[in-house]
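Summary of the model geometry
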Amino acid sequence: MRVLVVEDEPALRESLRSRLVATGAVVDVAADGEEGLHLGLEYPIDVAIIDLGLPRLPGLELIRRLRAGERRFPILVLTARDGWQEKVQGLEAGADDYVAKPFHFEEVLARLQALLRRSGGWASAMLRCGPVALDTRSQSLTVNELAVELTSFEYRILEYLMLRAGEVISKTDLTDHLYQEDAERDSNVIEVLMGRLRRKLDPDETLHPIETLRGRGYRLALPRAPC
Ligand code: CA
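Summarised in this report is the structure supplied together with it. (Residues numbered from 1 in each chain as written. Predicted model: local features only at pLDDT ≥ 70, side-chain atom pairs only at ≥ 80, totals over all residues. Heavy atoms only, no water.)

**Digging into the nonpolar core**
- Counting 31 residues, the largest nonpolar core has Leu141, Leu158, Met194 and Leu220 as its most contacted members.
- Contributions of two or more residues to this core are made by strand E6 (126-129), strand E7 (132-135), strand E8 (140-143), helix H6 (152-163), helix H7 (171-178), helix H8 (187-201) and strand E11 (217-220).
- For Leu158, the residues in contact, after removing those within four places along its chain, are Leu134, Leu141, Leu150, Leu197, Leu201 and Leu220. (Core = buried A, V, L, I, M, F, W, Y, C linked by side-chain atoms within 4.5 Å. Buried < 20%, exposed > 50% of the residue type's maximum accessible area, 1.4 Å probe, protein only. Helix = DSSP H or I, 4+ residues; strand = E, 2+ residues; numbered from the N terminus. Contact = heavy atoms within 4.5 Å.)

Here it is in structure tokens:
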């Protein structure tokens with residue numbers, strides 16, 4: 001997932017950034033509302049964390065402008081403790097959820113993951129497509145009830161495809177959402193990883209879980225199971 005973090009407090013911003021990166025997320029950070037608006041409008045963001053008390057452009061105004069600019073990614077706001085008015089204002093401006101400061105990182109992460117699942121049309125943390133079941137809490141995979149080991153990068157690709165099961169995902173989408181800006185972006189690497197993932201999901205080539213659409217990208221082709 002690609003996360004935008006807009007927080008003016010340097011220690012908190014850095015701690016969110018490094019802990020999110022450690023989970024495998026791609027993270028864009030901004031120290032004020034104007035920079036946050038720029039990144040949110042220009043980059044392919046999956047989910048944003050926005051502090052409401054920001055210099056240059058207040059958090060509420062930032063959220064309104066992102067929504068006015070047709071940016072529909074889920075937004076989690078950081079509010080003061082006991083600031084119920086802030087929470088209401090944040091939701092009214094177009095945010096989807098909130099966490100009061102001080103918070104535990106695990107709570108922020110769980111809320112981000114829930115927002116991402118819901119924006120992909122999934123109700124629970126267990127994503128099921130045909131015989132493929134991905135548990136996003138334990139980051140574990142089973143196929144026909146048998147455990148399959150994945151590397152962390154294979155997991156991230158599969159999670160991204162499953163969250164958007166049925167949609168065509170281009171190689172550019174995959175590199176934009178799964179690689180840090182400075183990391184090597186090589187589409188051959190994506191092809192190699194996709195081949196490896198297919199062999200793990202479908203060793204006897206009966207399932208064909210991932211379609212390749214020439215020149216367009218990949219699609220998780222198994223039907224979503226009702227959850
Ligand atoms: Ca602040």
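**Considering unusual backbone geometry**
- The omega torsion across Lys101 and Pro102 is -5°, close enough to zero to call that bond cis.
- Secondary-structure assignment places Pro102 in the loop between strand E5 (97-100) and helix H5 (105-119).
- Phi at Glu145 takes a positive value of approximately 70°, unusual for a residue other than glycine.
- Topologically, Glu145 is positioned in the loop between E8 and strand E9 (146-148).
- With a relative accessible area of 69%, Glu145 lands in the exposed category.

**A short note on the coordination of the calcium ion**
- Donor atoms from the polypeptide that coordinate the calcium ion comprise Asp8 (OD), Asp51 (OD) and Gly53 (O), at 2.2 to 2.3 Å from the metal.
- Between consecutive donors of the calcium ion, the numbers of intervening residues give the motif D-x42-D-x1-G. One end of the pair, Asp8, is in the loop between strand E1 (2-6) and helix H1 (10-22); the other, Gly53, is in the loop between strand E3 (47-51) and helix H3 (59-68), and 45 residues separate them in sequence.
- Exposure remark for Gly53: the relative accessible area of 45% places this residue in the partly exposed category. (Donors = N, O, S within 2.8 Å, 3.2 Å for Na, K, Ca; no water.)

**So, the side chain of Glu159**
- The topology assignment puts Glu159 in helix H6.
- Buried and without a salt bridge, Glu159 has Arg156 as its closest oppositely charged side chain, separated by 7.4 Å. (Lys, Arg positive; Asp, Glu negative; His and termini not counted. Salt bridge = Lys/Arg side-chain N within 4 Å of Asp/Glu carboxyl O.)

**Points about the sheet that holds E1**
- Taken in spatial order, the five strands make up an open sheet running E2-E1-E3-E4-E5, and their pairing is parallel. Each edge of the open sheet carries a strand with a single partner, namely strand E2 (26-30) and E5. Within the sheet, the average angular offset between the axes of one strand and its neighbour, ignoring direction, is 20°.
- Pairing between strand E4 (residues 75-79) and E5: four bridges, direction parallel. Bridge pairing links Leu76 to Asp97 in E5.
- Lying over the sheet, H1 contacts E1, E2, E3 and E4, oriented at roughly 170° with respect to E2. (Pairing = 2+ DSSP bridges. Axes fitted to C-alpha atoms, helices over the stretch in contact; angles between N-to-C directions.)

**A short note on the environment of Met194**
- Within the fold, Met194 resides in helix H8.
- For the pair Met194 and Glu154, spaced 40 residues apart in sequence, the C-alpha separation works out to 7.9 Å.
- Those residues in contact with Met194, other than ones at most four positions away along the chain, are Ile157, Leu161, Leu174, Ile210 and Tyr218.

This is a description of form; function is not addressed.
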